[in-house]
There are 2 protein chains.
Amino acid sequence: MAPSDSTADSTPPAPGVDPRVRRTRQDVLGAALGILTDQGWDAVTHAHLAAHAGYSRATIYKHWPTRTHLLRDALLQLADIPHHPPTGDLRADLIGEMRAFRDGMRDHGLDRAMAVLAEQARGPGEIAAVRDELVTGGDRVVRQLLATRLSGTELAVGTKMLSGAMFYSALMYGQIPDDDVIVTAVDILLRGTVAAEAG
Amino acid sequence: MAPSDSTADSTPPAPGVDPRVRRTRQDVLGAALGILTDQGWDAVTHAHLAAHAGYSRATIYKHWPTRTHLLRDALLQLADIPHHPPTGDLRADLIGEMRAFRDGMRDHGLDRAMAVLAEQARGPGEIAAVRDELVTGGDRVVRQLLATRLSGTELAVGTKMLSGAMFYSALMYGQIPDDDVIVTAVDILLRGTVAAEAG
């Protein structure tokens, strides 16, 4: 499990950090994530990244001494993909948040990064901790929205049914979900849980 | 996309085939699937498999000239994981089928094999065709059950919400779904779609 303060590592260095250092980090990690989602886990090496991002291998090794450091920080950038800002309308907010998830898949390779995480996080360890941190953060808004009407197992399962439908469609059917799929999933979930309250 | 008759490849050779050949195929493919789910995609090589399964490399090359042939046939064994035989009680049948999916994850590494497929099937090609064939077959029973009350987008989305919740729980939360999760997901889906009929 990720330590409670580990999200600090996914944010840029503190404001006092030299802007050139910050820029280098951003450039290299952006390139690393691109290589990861396009070419897969094994392609993210210091040498390949140096050639691709235009920095020396020495610079990259200085910031990230091992491939694990590099892969971890590259993946944690996904925590910065924007969520939907809640408006107070539950249905609209769930649809908005699922669209943000979909846009992350379409525009940032989030689905492919998640596939890599699923494949690599086979046991406990550094990469499983990265996966746990990204999933917990990724589902935070959906869970908060659904917590206005669900709790316990229903809250956990409702979250997994929504996010899971998007993830499964992208990774197993090769179909990034469209608006029709998103709205249909939200409506089934809301009807399924409204009826639960009434019963 | 898989050709329409491609499921024939996932079944054992025709009854006329020498039982020793059939046994060799089963042994080698079983070992290959075990290596794939335990150690990952790159570990499935003719050499590693020969050492592991106790057959000569020459024998393995004779049956599967390339790694792609080997990986394809190893993965297609997953099509043989048993489904729940429908009884006519929709709720019980959906719960039974999700339990069969869960048992496949727990007992046959189905979740890890699906993670490998998601990661490797990045574009069209042989492995994407294997994924499509396994997913279509894997979801067939759920889809048939839900088709008694849903159609069109709702049928597709309902299937993805159920299977997706199981898949997402296993791969992203590292939690093979328990019976409580399965029953809760089925009940949310059934309530969500009963209300749709009534409305």
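Residues numbered from 1 in each chain as written. Chains lettered and ligands numbered in written order. Predicted model: local features only at pLDDT ≥ 70, side-chain atom pairs only at ≥ 80, totals over all residues. Heavy atoms only, no water.

In the annotation of an unreviewed UniProt entry, chain A is listed under the name AcrR family transcriptional regulator and assigned to Kineosporia succinea.

Q: Break down the packing of helix 6 (residues 110–120) of chain A against helix 9 (residues 152–172) of chain B for me, with residues and values.
A: Direction vectors running N to C along helix 6 of chain A and helix 9 of chain B enclose 60°, while the axes themselves pass 9 Å from each other. As far as their axial angle goes, helix 9 of chain B and helix 6 of chain A are oblique. For the pair helix 6 of chain A and helix 9 of chain B, the contacting residues are Met114, Leu117 and Ala118 of chain A in the first and Tyr168, Leu171 and Met172 of chain B in the second. Residues belonging to the contact of helix 6 of chain A with helix 9 of chain B are distributed by class as follows: 6 nonpolar, no polar and no charged. (Axes fitted to C-alpha atoms, helices over the stretch in contact; angles between N-to-C directions. Helix = DSSP H or I, 4+ residues; strand = E, 2+ residues; numbered from the N terminus. Parallel < 35°, antiparallel > 145°, perpendicular 65-115°, else oblique. Contact = heavy atoms within 4.5 Å. Nonpolar A, V, L, I, M, F, W, Y, C, P; charged D, E, K, R; others polar.)

Q: Please give an account of the packing of aromatic side chains that cites residues and values.
A: Applying the stated criterion to the full structure yields 5 aromatic pairs over all chains. Aromatic pair Tyr168 of chain A and Tyr173 of chain A: ring centres 5.8 Å apart, planes at 75°, arrangement edge-to-face. In terms of burial, Tyr168 of chain A and Tyr173 of chain A fall into one category: buried. Both rings, one in Tyr168 of chain A and one in Phe167 of chain B, keep their centres 5.3 Å apart while their planes meet at 70°; by these two values the pair is edge-to-face. With Tyr168 of chain A in helix 9 (residues 152–172) and Phe167 of chain B in helix 9, this pair bridges two chains. Per residue, the accessibility class of Tyr168 of chain A equals that of Phe167 of chain B, and both read buried. (Phe/Tyr/Trp six-rings, centres within 6.5 Å; stacked < 30°, edge-to-face > 60°. Buried < 20%, exposed > 50% of the residue type's maximum accessible area, 1.4 Å probe, protein only.)

Q: Go over the confidence of the model for chain A, please, and point to the residues and values.
A: When pLDDT is averaged along chain A, the result is 88; 90% of the residues meet or exceed 70. In the predicted structure, residues 1–11 of chain A sits below a pLDDT of 50 and forms 14 contacts with residues beyond four places in sequence or in another chain. (pLDDT = per-residue confidence, 0-100.)

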